[in-house]
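Residues per chain are reported as follows:
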Amino acid sequence: KILIVDFGSQVTQLIARRVREDGVYCEIVPFNKAEAAFDEMKPKAVILSGGPESVHEAGSPRAPQAIFDSGVPVMGICYGQMTMAAQLGGEVEGGHHREFGRADVEVKAKSKLFEDVWTLGGKNQVWMSHGDRITKMPPGFSVAGTSPNAPFAIIQDETRKYYGLMFHPEVVHTPDGAKLIRNFVRKIAGLTGDWTMRAFREEEIAKIRQQVGKGKVICGLSGGVDSAVAAVLIHEAIGDQLTCVFVDHGLLRLDEAKTVVDLFRHHYNIPLVHVDASKQFLGELEGVTDPETKRKTIGRLFIEVFEQEAKKIGGADFLAQGTLYPDVIESVSFTGGPSVTIKSHHNVGGLPERMNMKLVEPLRELFKDEVRKLGRELGLPEIFVGRHPFPGPGLAIRCPGDITRDKLDILRKADAVYIDQIRKHGLYDEIWQAFAVLLPVKTVGVMGDGRTYDYVVGLRAVTSTDGMTADFYQFDMKFLGETATRIINEVKGVNRVVYDVTSKPPGTIEWE
Ligand code: XMP
């Protein structure tokens, strides 16, 4: 196990990703809880993350002394390097303008960190980040790499296995960064990559059995990957003590409800209650045009319907959720204050408090791509596991203005044609998320000899790694032209197609 101490860098999660990709389990803990976590976890190595502060500011965070006293290998990245240097008796100068960007690091000494990756005297691209600067190394350390602006770009004490990097090895802009992290994990900390999804599956099954005992569990399915993987795993652990509830709000994609029901009932034989609540949802959404009101209405109804069903099933002690690691990690925030609500997200979030049930969350330790791997391990079909994310409020937020069954039908068909095109051209896995939007606008067109007056469909496709930022996908024009023609020919009610070329920010991925 590796412990990652978080000093608030935007990219701390990526360190964890890299370590886990090497098959080694790790956890991220905020610096102010690191001491307790270190005692409890007894990690074989520690990584200190970057962070926005200067070690010169009064009260700026430090790594627990216990880590240095214990003798485990430590790698400090950016702020982590600075605090390590300061804590071990070096000198750090603050007050520099923060600098980010590409730089070349020249290798000045042999190091286990570079083994089979970088050679002595070689120059290698890295993604730098400095505000503070080391002016005197701590005793025992020597320089392993320099850059034009950073004479102490990489420092090391190979005897004690301490390494300090002034750049981010975890980001893709440091092309060899993953290999450096791997060397730290494997060669320096001596860990073997035996943390696989198969092992995780076995461990988790044992944990679920222990937690649940003879109790009854209900699990809300959304049609998405996370809840599906959670349900299949729990079913493997406790069989028919699990009941799944699938609330169909009538805002799902073409054939989606059928796919979910087939998969769970027929393929996996998991008891599934399929609640067709579309009348209720669409009824209450009638005439609602404000995006936040739509979201809140759907969120409230979802909880009401789910609760009713749970009562009917009766006697459940546990509620299962597909919560993922990024939702669980406490992020270190230095700015404090509440952030503005851009969109109120709807998941099953509010359920547990209201229902007074204990939670079963077998995916709490996983990232999205790991959930996909686990899904494959559990035999979920690829088409399901590799699916683009889909928002809880469904098509309601892809249909600006008021929502009607007719509009939803048009949108479903257009979306299906669009996705079919993307799959046929082999682009699906390159795109993070793609979907159609039905605009509340009609325009004039001509088809055959006649005039048409029909809806406009907007197409959206983005690349992203986490949905926080995104770029619009650069289709070629021929693809877009062909897709527009197919949609207009195959979907009655549409006579015009436009492509959204907005990135996030300033746009969001969804239109509402
Ligand atoms: P935005 O539109 O905010 O979306 O750029 C970022 C990502 O979040 C998804 N999304 C949601 N997911 N419940 C969800 O589970 C929601 O209410 C919700 N709203 C947006 C969106 O599809 C994108 O992947």
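A few words now on the layout of surface pockets. Here the second largest pocket is characterised by a volume of approximately 420 Å³. For the second largest pocket, the lining is made up of 22 residues, of which R253, L254, R387, I419 and R423 are closest to its centre. Those elements that place two or more of their residues in the lining of the second largest pocket are α8 (256-267), α14 (382-385), α15 (405-424) and β17 (433-447). Here the lining of the second largest pocket gets six residues from one element, more than from any other, and that element is α15. Within the lining of the second largest pocket, the residues separate by chemical class into ten nonpolar, three polar and nine charged. No fewer than three residues from each of domain 2 (197-385) and domain 3 (404-499) sit in the lining of the second largest pocket.

Domains assigned within the protein are domain 1 (2-188), domain 2 (197-385) and domain 3 (404-499). Computed over C-alpha atoms, the centres of domain 1 and domain 3 are 46 Å apart.

Right, let's talk about the pairing of strand β9 (residues 142-147) for a bit. Looking at chain direction, β9 and strand β10 (residues 150-157) are connected through four bridges and run antiparallel. From the neighbouring strand, V143 faces β10, where its bridge partner is I155. Where β9 folds back on β10, the antiparallel hairpin that results is connected by two residues.

Moving on: the nonpolar core. F264, L374, Y418, I422 and F475 are the most contacted members of the largest nonpolar core, which has 94 residues in total. No other element matches the ten residues that helix α7 (residues 225-238) contributes to this core. The two domains that each donate at least three residues to this core are domain 2 (197-385) and domain 3 (404-499). Among all residues touching I422, those that are not within four sequence positions of it are L427, Y428, I431, A434, F475 and F479. Formed by 65 residues, the second largest nonpolar core is a distinct cluster that contains I28, F38, I154 and L180.

Our focus in this paragraph is the sheet that holds strand β12 (residues 217-221). Strand order in the open sheet formed by five strands is β14-β13-β12-β15-β16, with parallel pairing between adjacent strands. If you trace the sheet from one side to the other, it starts and ends with β14 (272-276) and β16 (358-360), each paired once. Geometrically, the sheet is characterised by an average inter-axis angle of 25° between neighbouring strands, direction not taken into account. Pairing geometry for β12 and strand β15 (residues 318-320), over three bridges, is parallel. What sits directly across from C219, in β15, is A320.

Right, let's talk about the packing of aromatic side chains for a bit. Tallied over the full model, the rule gives 16 aromatic pairs. Aromatic side chains Y25 and W195 sit 5.1 Å apart centroid to centroid with 50° between the ring planes, which places their arrangement in the tilted category. Taken together, the residues Y25 in the loop between α1 (12-21) and β2 (26-30) and W195 in the loop between α5 (177-188) and α6 (197-212) connect sequence positions 170 residues apart. Judged by its relative accessible area of 12%, W195 is buried. Put simply, the rings of Y418, Y473, F475, F479 and Y499 touch in pairs and so form one group of aromatic residues. The positively charged end of R253 is found above the aromatic ring belonging to F390, 3.9 Å away from the centroid. Between the NZ or CZ atom of R423 and the centre of the ring of Y428, over which it lies, the distance is 3.8 Å.

Cut-offs and rules
- Residues numbered from 1 in each chain as written.
- Predicted model: local features only at pLDDT ≥ 70, side-chain atom pairs only at ≥ 80, totals over all residues.
- Heavy atoms only, no water.
- 1 Å grid on protein atoms, 1.4 Å probe; cavity = no way out; pocket = protein on both sides within 12 Å on 5 of 7 lines; lining within 4 Å.
- Points joined across faces, edges and corners; volume = space filled by probe spheres on them.
- Helix = DSSP H or I, 4+ residues; strand = E, 2+ residues; numbered from the N terminus.
- Nonpolar A, V, L, I, M, F, W, Y, C, P; charged D, E, K, R; others polar.
- Domains from an automatic or database assignment.
- Pairing = 2+ DSSP bridges.
- Core = buried A, V, L, I, M, F, W, Y, C linked by side-chain atoms within 4.5 Å.
- Buried < 20%, exposed > 50% of the residue type's maximum accessible area, 1.4 Å probe, protein only.
- Contact = heavy atoms within 4.5 Å.
- Axes fitted to C-alpha atoms, helices over the stretch in contact; angles between N-to-C directions.
- Phe/Tyr/Trp six-rings, centres within 6.5 Å; stacked < 30°, edge-to-face > 60°.
- Lys NZ or Arg CZ within 6 Å of the ring centre and 35° of its normal.

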